[in-house]
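Observations on chain architecture
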Amino acid sequence: MSSTESAGLPTVVIHEEGMREGMQIESADIPVEDKVRLLDALSATGLKHIVVGSFVSPKWVPQMARVEEVIAGFTPVEGVEYTALALNARGVERRAEHTPPLSPPRPVQRTTVHLCDVFVQRNTARTQADEIAALPRVVASAVERGITDAIVAVNAAWGSNWLGPFTTDQRMEVLDLQFAHWREHGVEPRTIWLGDPMSWNTPRAVEETLRACLDRFPDVTTYHLHLHDGRGSALVSAYQALRVLGAQHTLALDTSIDGMGGCPYCGNGRATRMIPTEDLVDLLEEEGIDTGVDLAALIEAAHLAEEVVGHELYGHVSKAGPRPRGEALYAMDMPFVETFDQAQHFRLGPKVYDGCRAPWKKPITSPARDAVEAGRPIALRRPENEA
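Residues numbered from 1 in each chain as written. Predicted model: local features only at pLDDT ≥ 70, side-chain atom pairs only at ≥ 80, totals over all residues. Heavy atoms only, no water.

By the naming in an unreviewed UniProt entry, the chain goes by Isopropylmalate/homocitrate/citramalate synthase and is assigned to Saccharomonospora glauca K62. The annotation that UniProt attaches to the chain under Sequence similarities (unreviewed entry) is "Belongs to the HMG-CoA lyase family." (UniProt positions renumbered as here; feature names shortened; annotations may be inferred.)

Structure, rendered in structure tokens:
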């Protein structure tokens with residue numbers, strides 16, 4: 001999705017998960033029309049990969065009960081890949097009925113093993129042993145269908161709210177096991193997917209894992225990280241991954257508009273959160289990585305997301321705005337700005353802080369600001385009586 005201007009960095013691909021990961025933890029009573037408005041807003045931002053929902057049991061995930069109506073109601077944008085999660089055969093059938101506008105599934109098979117035997121039972125009603133036992137059948141079936149590419153996935157990769165932290169050795173054991181099954185059939189997986197539904201990621205743990213993978217699996221070209229942000233480290237963990245991988249790699253990152261997201265099975269609910277899409281886009285752009293995303297449009301989508309779900313969400317850039325430059329520099333005489341609403345002057349204009357306290361007794365002037373506006377370097381401002 002994005003190209004890198006900074007030499008040596010991986011290509012970054014953003015997967016927007018707000019309509020699935022976000023909506024699955026929000027109210028089941030959100031009208032379809034509001035979900036369609038948000039999906040259309042996201043489609044207009046320049047994002048190229050959007051997950052629109054999931055085909056799962058409405059008994060357990062009532063928020064997805066009307067996913068077909070959402071898909072029927074939105075306006076697809078050319079060049080955007082729209083996908084949906086399906087966890088069983090019936091879900092796959094339902095998804096196929098809506099392809100297009102959903103994008104056809106890629107000819108790749110994914111195998112998954114959870115490191116947390118408790119979470120996988122809560123989430124999919126299967127045990128870790130069940131997942132491992134299914135590997136030979138899943139791989140053989142894929143090869144019979146002509147699949148020549150594979151995704152190897154480890155979920156709950158860094159830790160569990162029921163079992164505690166996992167080690168790099170444990171992660172590598174699960175990866176080795178899956179790679180062995182694929183290699184028996186002559187398939188060398190090119191993608192490693194690492195999920196963290198319970199927010200155990202840390203920059204050190206992510207770096208250690210990726211370095212071990214780079215050493216053990218040199219033919220892997222894509223690393224896909226699904227990092228939850230319940231403990232506030234997901235964005236910095238993603239940044240660490242960006243610095244570890246090289247120009248020959250693709251780093252896929254799952255994010256959610258304004259950070260909304262959460263898993264009802266992990267014990268943290270909405271507090272699980274995700275990387276806010278607008279925060280990641282802002283960081284990447286500041287690091288010299290062209291995302292192709294309209295950040296202003298993304299910020300407006302974040303505010304629409306708050307309107308749709310009916311409560312404040314978790315992003316930072318949508319609240320404080322991007323770093324101002326050029327004509328977006330703040331007015332020097334602006335009054336005190338104290339509330340979140342007043343801080344929205346960056347997108348709504350000075351009307352939001354009308355009437356706020358302003359103690360300045362005379363207009364604020366600055367030769368440094370004059371220099372910036374004239375495109376000159378900022379000189380140190382020395383006392384007038386200094387020789």
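Anyway, onward from the coordinates.
1. Some words on the overall build of the chain
The number of helices and strands found in the chain is 14 helices and 12 strands. Taken over C-alpha atoms, the radius of gyration comes to 23 Å for the chain, in line with the 21 Å a tight globule of 387 residues would show. When the backbone C-alpha atoms are referred to their principal axes, the chain occupies close to 80 × 50 × 40 Å. Sorting the 387 residues of the chain into buried and exposed places 48% on the buried side. Counting only contacts in the chain whose residues sit at least 6 apart along the sequence, the fraction spanning at least 24 positions is 74%. (Helix = DSSP H or I, 4+ residues; strand = E, 2+ residues; numbered from the N terminus. Rg over C-alpha atoms; globule rule 2.2 N^0.38 Å. Buried < 20%, exposed > 50% of the residue type's maximum accessible area, 1.4 Å probe, protein only. Contact = heavy atoms within 4.5 Å.)

2. Considering the domain arrangement of the chain
As far as domains go, the chain holds domain 1 (11–320) and domain 2 (327–374). Across the contact, eight residues belong to domain 1 and six residues belong to domain 2. In this assembly, domain 1 packs against domain 2 so that about 520 Å² is buried in total across both faces, 48% of it on carbon and sulfur atoms. Of all residues in domain 1, the largest losses of buried area upon contact with domain 2 belong to His 303, Lys 319 and Ala 320, amounting jointly to 61% of the total for that side. Connecting domain 1 to domain 2 are one salt bridge. Where Glu 300 meets Arg 347, a salt bridge forms, and the shortest distance between an N and an O atom there is 2.8 Å. Our count for the domain 1 to domain 2 interface comes out at four residue pairs in polar contact (both at pLDDT 80 or more). The dominant element in the side of domain 1 that touches domain 2, judged by the number of residues it contributes, is helix H12 (residues 317–320), at four residues. (Domains from an automatic or database assignment. Buried area = accessible area lost by both parts, 1.4 Å probe. Salt bridge = Lys/Arg side-chain N within 4 Å of Asp/Glu carboxyl O. Polar contact = N/O pair within 3.5 Å; in protein donor to acceptor, adjacent residues only side chain to side chain.)

3. A look at the UniProt feature "domain: Pyruvate carboxyltransferase" (unreviewed entry) in the chain
In the numbering adopted here, UniProt assigns the feature "domain: Pyruvate carboxyltransferase" (unreviewed entry) to residues 12–299. The span residues 12–299 is 40% helical and 19% strand by assignment, and the distance between its end C-alpha atoms comes to 20 Å.

4. Some thoughts on the packing of helix H7 (residues 168–184) against helix H8 (residues 203–216)
At their nearest, the axes of H7 and H8 sit 10 Å apart, and the two run at 40° to each other. The orientation of H7 relative to H8 falls into the category oblique. Both H7 and H8 take part in a crossing whose hand is right-handed. Together, Thr 168, Arg 171, Met 172, Leu 175 and Asp 176 of H7 and Ala 205, Glu 208, Thr 209, Ala 212, Cys 213 and Arg 216 of H8 make up the contact between the two elements. Grouping the amino acids of the contact of H7 with H8 by side-chain chemistry returns five nonpolar, two polar and four charged. (Axes fitted to C-alpha atoms, helices over the stretch in contact; angles between N-to-C directions. Parallel < 35°, antiparallel > 145°, perpendicular 65-115°, else oblique. Left-handed = near helix turned anticlockwise from the far one by under 90°. Nonpolar A, V, L, I, M, F, W, Y, C, P; charged D, E, K, R; others polar.)

5. Comments concerning the environment of Arg 323
Position of Arg 323 relative to the elements: it lies in the loop between H12 and helix H13 (345–348). Sequence separation between Arg 323 and Phe 346 is 23 residues, and the spatial gap between their C-alpha atoms is 9.9 Å. Leaving out residues up to four positions away in the same chain, Arg 323 has contacts with Asp 282 and Glu 286. Engagement of the side chain of Arg 323 in a polar contact is seen with the side chain of Asp 282, the distance being 2.7 Å.

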